[in-house]
Structure formats: structure tokens, C-alpha cells
Amino acid sequence: MIKLTIDNTPVEVEKGTTLLEAARQVHINIPTLCYEENLSIYGGCRLCVVEVNERRQLMPACATEAEDGMEVKTHSPRVREVRQTLFELIIASHDISCELNCLTCTRQASCELRNVAEDIGINRMRLNPIYRGLDKDLSSYSVVREPNKCITCDRCIRKCEEVQGIGIFANSDRGPETTVTTFQDKGMGNVECTNCGQCIISCPTGALHEVYHMDSVWDALYNEEKHVIVQTAPAVRVAIAEPFGAEPGTVATGQLVAALRRLGFDGIFDTNFTADLTIMEEGTEVVERVSNNEHLPVLTSCSPGWIKFIEHFYPEHLKNLSTAKSPQQMFGALAKTYYAETMGVDLEDLVVVSIMPCTAKKFESKRPEMADDVDYVLTTREAAMMIKAAGINICDLEPEEYDNLMGVSTGAADIFGTSGGVMEAALRSAYYLITGEELEEIDIKPVRGLEGLKKAEVPINEDLTLKVGVAHGLSNAKKMMEMIADGEEFHFVEFMACPGGCIGGGGQPISAELTSTETLQRRMDGIYSIDSSKKLRQSHENPMVQKLYEEYLGKPGSHKAHKLLHTEYTPRGLS
Amino acid sequence: MVKERKFLKGPRLRDVSTYEFPGLKKALSLGPDRIIQQISDARLLGRGGAGFPTGTKWDLALQQQGERKYMICNADEGEPGTFKDRYLLEERPLKVLEGLMIGAYAVGATQGYIYIRGEYSEPIKIVREILEDAREEGILGEDIFGSGFDFDIKLVRGAGAYVCGDETSLINSIEGKRGISRIKPPYPIQEGLYGHPTVVNNVESLACAAEIIKQGAGEFAALGTDNSRGTKLISLSGDINISEVFEIEFGSCTLSEIIENLGGGVRRGRDPKFVIPGGLSTAALLPEELDCTYTYEGIESAGSSLGSGAIIVVGESRDLVDILLKVSRFYMDETCGTCFPCREGNKQINYMLSQHRNKKFSGQEVELIEDIGEVIAAAARCGLGQTSLSLINSIFNKFPEELIEEVIHVD
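Each chain has its residues counted from 1, following the order in which its sequence is written. Throughout, the order in which chains and ligands are written sets their labels, letters from A for the former and numbers from 1 for the latter. The predicted origin of the model limits local features to residues at a pLDDT of at least 70 and limits the giving and counting of side-chain atom pairs to 80 or more, whereas totals for whole chains, interfaces and linings rest on all residues.

Q: Please clarify how the sheet that holds strand 11 (residues 267-270) of chain A should be interpreted in this entry.
A: Sheet strands line up and pair through hydrogen bonds in the backbone, either parallel or antiparallel. Residues and elements named next belong to chain A. Taken in spatial order, the four strands make up an open sheet running 11-10-13-14, and their pairing is parallel. Edge positions in the open sheet fall to strand 11 and strand 14 (376-379), since each of these has one partner strand only. Here the strands of the sheet are splayed against their neighbours by 25 degrees on average, with no regard to which way each runs. In short, DSSP must find at least two bridges between two strands for them to pair. The way it works is that DSSP assigns letters per residue, a run of H or I at least four long becomes a helix, a run of E at least two long becomes a strand, and they are numbered from the N terminus. The sheet contact formed by strand 13 (residues 350-356) and strand 14 spans four bridges and is parallel. Bridge pairing in strand 14 links Val353 to Tyr376. Working definition of a contact: two residues with C-beta atoms, positioned from the backbone, lying within 7 Å. Every axis corresponds to a line fitted to the C-alpha atoms, with the helix fit spanning only the stretch in contact, and the corresponding angles, defined between N-to-C directions, vary from 0 to 180 degrees. In this fold helix 6 (residues 214-222) packs onto strand 10 (227-232), strand 13 and strand 14, with an angle of close to 120 degrees to the strand it touches most, strand 14. Relative to strand 14, helix 12 (residues 380-389) is tilted by about 85 degrees, and along the sheet it contacts strand 13 and strand 14.

Rendered as C-alpha cells:
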């Protein structure tokens, strides 16, 4: 063990611990900007510099390993003075002006610069911002880049490369001209971006945000002639209360419904309903393909970031993907057929809105094969902004129920929101579909949790043990694909583009206080608590899904079901 | 009267076929430990500017375990006012080659690199030819001089970035990456080029090493002072009558003697306005501060540093604001852009200076410039940043009447 003192407090740490980690052990907060848990050390912002053994040269706490006998001062007069001036420089590089100001910024409530300002007690600003005049990148359906707000901390570069295994971003130019951009400045919409939005989560400023659909949704809501319905994804309910001050993982399903009703939606439905439906379609497909030994393993298809990833990087495996549309698109397809017909709504007047934890869902809804079934996609963040703008605090509302037709769901659908959930839900029903019996123990624990790659073997009957895998985060997806290519045998594999699954989606609220792992864990706990508290926990038990098959689709995998609920993919390769 | 002491300088030495490589041959018979002992005994300090003991560097590299090691000659001579490596590359390149090979043999490197700044087209041509000739003559390749030592050298042409003179940036550049510094540790000795132990030495350091092995450590250590052994190549330039590379024995003269005797005095005038003693990254010295002896310690006691040995003389007629602006422009253009203090600090300084042509600076402005200077010096990631405001700050300190508005106190 290494012994040192930080601000006169003795600390004992393992060898290899950085000064930043050591300080956190004794609850001393050192401000950072370019540092992010789970990313490589960059050592660029220098905000975390500390005084070591009274040396003149200050050391970056994020990149300096603790050594025996070190005397570290994290907030000495000199360190504080340097930090203040450095922060002035950073603010000046952030181009704050009339056009770019904190009040209109997408990150007005979750800006890390603002947190740092508070942490270091900045009380002066002597420098003029030097306007850089860079163009916005509006090429993507999902994500907007505003380079003038970028402070070049390179967290998005590292996130995309290290956590997602892609690397669409890079630095270009030099010195003060250094910018973050895409290959040949092509724009995010024209490179191998999966639209996952993880870069947004990592950005400390408002330089990256989703393509907003809020204004269009407001317009639709204000238009008397329009019939506007909305669906809410499983992972939204455990995060929507966060922007209103609640802890991550707070379950606010009923309050979300109540808020949306107040906003004026004409029908409030649950993507969970189509998640149950997805299990019926995908589960049936898995059972068929496994018994026919056809294109195994079956790969899940509900994460649109993952879909774009496989289209770019493993187009030869597109035949392995389940043909089932994602729950969002199944909902869209049914809304514009089953719902419109049942309710007698003219398609001209029907507007279908989604609330998703996801930025890639915006791209998905614009895929040509999806035929504009979903008109607008709001992220959890956008939904929260709209609710706030309507003068509503979600935490104050009494819970209300979803509308009936497509609002009923089982616990299996709730867990779609977290890594391993689709797999668990599918296994619960696959067992039933094959054996005609119910699983005795429906909690399938090996596929749960934040481990990046998970594997399980589930005995179904004497002849069949299903081998399943789960990967979340695209660098794990890459590892899983390499394992499959190397001949590891699976029947069914779940892929989610975002770490943690949808609970960690690129459209989720950004927590300035908690680390990402803590936030994910709490949201995950929230999701499983919903599942375990429900009476119906297996998709095939959903009475409204059963009704839908009886009255409209026939049976899972029927011709009509195929027409509405299944899709095809585009081999994109590399540009 | 100051005279040159020629330890490194000498007649043109570029013909591989006639050169005997006496230092290298001797080194091959000495073996790594005794070579490093010689370099350490000579107390040679790195001549690139930072002054790290060369013997220690080689010793650390020798002790590193690794399947392969690299030896790199840093010929990215970019410090403004410095052109002494160019002299060696053009006139005595075989000594540089020899030093590089001795170092490689001593530390156990099998592949070498010479990284030359892109603008040095003539040295690049010369070194390229020499490397070809050396391969033909069997000086490079396998089993050199029958010793069992295998070694070859690649020539890499820099793309013009000043920061690539920093060893970690230089290594990134060779690897084809952006020329930006790396976080240390790990030091290049531990994990350098392609992750292998790597020694990076300045051109002059290597030429010194070749001479030390040939002539013996005692010969070199007998020159100079306790803390500054041997000789130093200086690049004398600016408002001076004779601008050239000279070789000075440490401690044999003062800065003002160098300017008067070797440089033939200040052009069109008696006294300079100030002198930059070690390249653009070192603090300015006033005429009355030039009586310090030319040693590391002598110039430090005068309040600056010896740096790369570039002595730039600035005449009385020069406009200070113009100089400040040009210096800051240089650092703004050359900061790599990785760390915030250097990138944003140098940009802001340049912006502030460019707003104030032909005007004096207010006390608040000077305070701000000093504050930014302190942030850069204390918190920048590499040597480029840390020293980027040394000169500008020293000019403000030394010419307050000319640059700073007088504060009028009203009682």
C-alpha cells in the first residue's frame, strides 16, 4: 500500500491509484473536465492540477500516480489561483455570447462548466471570448454538433472509440484551431455513426445534442385537427423524474402518463405493449430458426444503434438478425393500421409520437422501410423539457393509467429497458412456446447486470439447451461478433448499442452529480422492481396482445404479422 | 580575447568511405557498460535544451528489458534562433551518425531514426546520402565491424511542427500520429516508439558522445566548469555583425564577450536592447546582465537559462510591442492544442497583444498576462507550453517604463 497525505489528510491507496482517485477516497473533490470514468486519461484540461511536495510544476491529479510520502495540496492558494485563471481561459474558449448563452443552451440545467464554476468559486472573467465561427453539423437525423460550444476535451472522441469501438470523431487542425470533427468533415450523418448518442452523454457542454422534435410535437398538440398519440419506452419511466430532481431509478410510470395527458395527447400508450408483441414475434422466429437450424445465432433487432452498427461493420451477418421490427416501429405500424381502424381516425390526422431513451430511434423512424409510421421521436430529455414548459412537475402528479388498447404490458416488457432484459423476456416465453409449460423460476439472473458480455445456458427440454449471449455497448458488441466469428456457439444473442442497455441510452437525462455506473445501477434496480411487482411477467400472458392476435393479426408469424411487424436491413459497409 | 575551443567543430566530414569511425570502433571494444561509464564520467548534459544527463538516460535505457529498443536522433531543430544542429548535419554528419550508433550499441537498440525538421532540405539530402553510403559500405546493417552488432537507421522528415522537437511528440509523429505530447510517465525510456524503450538524443549530444568515446571522458570533462562540462555550440544571431555557429568552452567567457569578440559587436550601436540567451523559450537579459559566464549555472544566476544555445541579440531600435507580438504569434501557431492552458493561453495573449499595437498596457492587462503566464508555466503538459511565456513575461518585467502605463495616484 502507498501512504501519502492529501490536504494534510493521511491516505492509504493501492499502487497505481491516481491522485484524483486517492482524493476521492477521502472525499476531496478535485474539479475535472476532460476526465471521465471508464475513458482513457487525456490530461488536457489541467483543471485537476495539484501541488505535490511544494514543487513549482503542478501535477494533473488524473494522470499522476500516488507515491509513498507524497504531500499533495489540492486547494492551496497557488492551485486555486491557477485554476481560476485557467477557468477564465476555458470560458473564453467556449464562445459565450448573445447567440451562445447559458439560458438558451440545451445543457442549461446539466452543464459541467457551470458545476466547475461553482466548485472552484469563480468570481471573475477578464477575457473576451474569441469567436470561432464554425458551422453546425446538421447532417444527422439524430445528433447535432455545435462546434463553437466545444472546448475540445475530446471526451466524445474517446467515448466513441473506446466504449463504442467505432471512432467517428477525430481532432483536426492544430493549436487554437484544433477542432473535433468527423472524417474529412463529412458530418455525423455521412460517416459510420450509429446515432447512439453516447457522445452527448459524455459532452460536458452543449456542443452535442439530439435533433429536436419538440417544436413539431408542440405544433401537432396545438393543432385541433390532429389526433396525437404517444408511446413511452420502458427505460423512460425510471429516468424521466431525474430532471425534476428525483433520484435516478425513481419509478414514475403513472406520473409520466398523467403529465402527457395534461400536455394534451389524445392517446397515451406504452411501447411495453409492443415489447410484449416483439417477444411473441421474435420468440416465435427464434423457436423456428433454432428447430430448423437456420441462420444461427439469431441476433436481436430492437436497438437501432446496434442495427446501424451491424449494417456498417458486419453486413455479412445481416441474415442473422431477427426480422422483427423494434417495439417502437411495431407500435408505429399498428398505430397507423390497427389503432386508426379501431378508433376510426383518419390517417391524415393521426400523429404518432415516441418518447425514447434513445437518439438512434430518431434515425430509425426515418428509415425508408419504416414508412413514417412514427412521426416524431422525443428523447427522455426532450419530454422532460416539454413537461416543464407546460408548468408541470412530474413529481407532484398522481399516477394515472395508460389508455387501454395498446397500454397494457407485462413485466417482461419492462425489462426490455435494461441489458439482458430482451433475452430474459424472450427466454420466459420461448420456454412456453416450445414446451407449452411455464418456467418455474422466471428470474434468469445470469443475463442481468452491468457485465459487458454475459452468457447463459438455459435447459429447455431433454433435446435442447439454449445457449444465449448478451452484449451491451458497441465495443462489447464487436467482441461478441468476433466470438461468434471464431466459432463460439450461440442460439440467440441480445445486442444493445448503449452501455447498460436503454437505461443508459443517449437520450436519457444527464446526471452531473453521479458517475455513469451509479446512475445505470439505480435505473436498472428501478426496472427490475417494476417487473417483480407485476402480476403478469411473461409476454405471452398479455391479454391485450392476445386480443390483438385474435382480432387482427391471426397468430405470431402470420402473413399479416409479417407485413406489419417485420422488416429488412441495408448492408452499408464502410464509406 | 575569446577564442573558440574546437571539440566538435572541424573540417567537413561527409565521406563514409574514407572515415574510420574511430569512436564507434572503440565503443564496440569497450562494451555497453564502459561506454555508459565514459559518458557519465564526462558529465555530458543533453544539448537540446532540457539538459538531462546523457549517461543517466543511456543507463536507464540499458536496464530496460524489452524485445526491442529504439534510438532516435532528434534533429527537429525548431527553437527560433537555433541553427547549430544544422551546422553539424551539414558539416560533421558522420560524427552524428557515429554518436547515434554508439548510443544504440550501448543501450541495445537495433533500429535507429533520424528525425529532421522538414525545412532542412540540405541536411536531409546529405544525411540520406550518408545513410545509403553507410549501408553500402557495411557500416550499417548486420554484424557491424565484425562485432555482432546489427543496426540500421531510418530517416524521417518532420512536417514543420515546433512541438515535434519535444521527444514524446516526435515519437507520435514517427508513428504517424498527431504531433502532440504524451503524458509522462511512462517516459520514452520505458515506453516510447511503438511502446518499446526508446532513447531520444539531440544531434549535438550525439556528436559530443562520439568525441567523448574517441578522445576519452577525461578530455571532455577537463573542459568547462564543475556543473557545465565540455564545450557548447552556440548559434549567434540577431542585430550583430557576425552571425554564425561558434563553439565555446563552458566558463571561458561571458555573454557580453561572446557578443563583442565573436559576434563583432552589436550592429549599428554599442549596447543591445536585450539579449535572449537560449532561444525563444528563455527569459531576456539586459545589457547590464550580460557579464555572467557562459555556463548553465552562470546564465541561471542571471535569471535566464542556456536553453539550446541560441543567442539572439536585439538592437536598440527594435519595437518591443512588435517583438512581443511576433513571439506570441509563434507560440500561438505552434502550440499543439492538446492542453488547455497552452492552447487557450497563447491564443488569448496573442489576441491581447494584437489589440494594443503602439499603445501602452494597463496594469490590469499586464496582471492578466502574468496570470496566464503563471497558469501556462505551472500547468501546461509539456516543455513547449511551460516555457512559452518566459520571454514575453521577462520583457514586461524588464521594460516597465516602455510598456506599462504609469499609474497616477491622486491623493
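Q: I keep staring at the sheet that holds strand 8 (residues 274-276) of chain B and nothing clicks. Help me out?
A: Residues and elements named next belong to chain B. What the four strands build is an open sheet, ordered 7-6-9-8; its pairing is mixed. For this open sheet the edge positions go to strand 7 (245-249) and strand 8, each flanked by a neighbour on one side alone. Shown here is a sheet whose adjacent strand axes are inclined to one another by a mean of 30 degrees, direction ignored. As judged from the three bridges shared by strand 8 and strand 9 (residues 310-314), these two strands associate in the antiparallel manner. Pairing of Phe274 across the sheet is with Val314, part of strand 9. Of the strands in this sheet, strand 6 (231-238), strand 7, strand 8 and strand 9 are in contact with helix 10 (residues 255-262), which crosses strand 6 at around 65 degrees.

Q: Quick question: what am I supposed to make of the interface of chain A and chain B here?
A: Reports often express the size of an interface as the amount of accessible area lost when the parts come together. The interface is formed by 25 residues belonging to chain A together with 26 residues belonging to chain B. Sort the elements by how many residues they give to the side of chain A that touches chain B and helix 2 (residues 77-92) of chain A lands first, with six residues. Polar here means any residue outside two lists: the nonpolar Ala, Val, Leu, Ile, Met, Phe, Trp, Tyr, Cys and Pro, and the charged Asp, Glu, Lys and Arg; Gly therefore counts as polar. Of the residues that constitute the side of chain A that touches chain B, the class distribution is 13 nonpolar, eight polar and four charged.

Q: Is there a simple way to explain the pairing of strand 17 (residues 492-496) of chain A in this structure?
A: Along any regular strand the residues' side chains alternate between the sheet's two faces. All names here are of chain A. Counting buried residues in strand 17 gives five out of five residues, a clear majority hidden from the surface. A residue is called partly exposed when the number of other C-beta atoms within 10 Å of its own lies between 12 and 20, exposed at 12 or fewer, and buried at 20 or more, with C-beta atoms placed from the backbone. Residues Phe492, Glu494 and Met496 of strand 17 are buried on one face, and the alternating residues Val493 and Phe495, pointing to the opposite face, are buried as well. By the bridge criterion, five bridges tie strand 16 (residues 465-472) to strand 17 in an arrangement that is parallel. Paired with Val468 across the strands is Phe492, a residue of strand 17. Here a crossover is taken to be right-handed if, once the strands point away from the viewer, the path from the first strand over the helix to the second is traced clockwise. With respect to chirality, the unit in which strand 16 leads through helix 15 (residues 474-485) into the neighbouring parallel strand 17 is right-handed.

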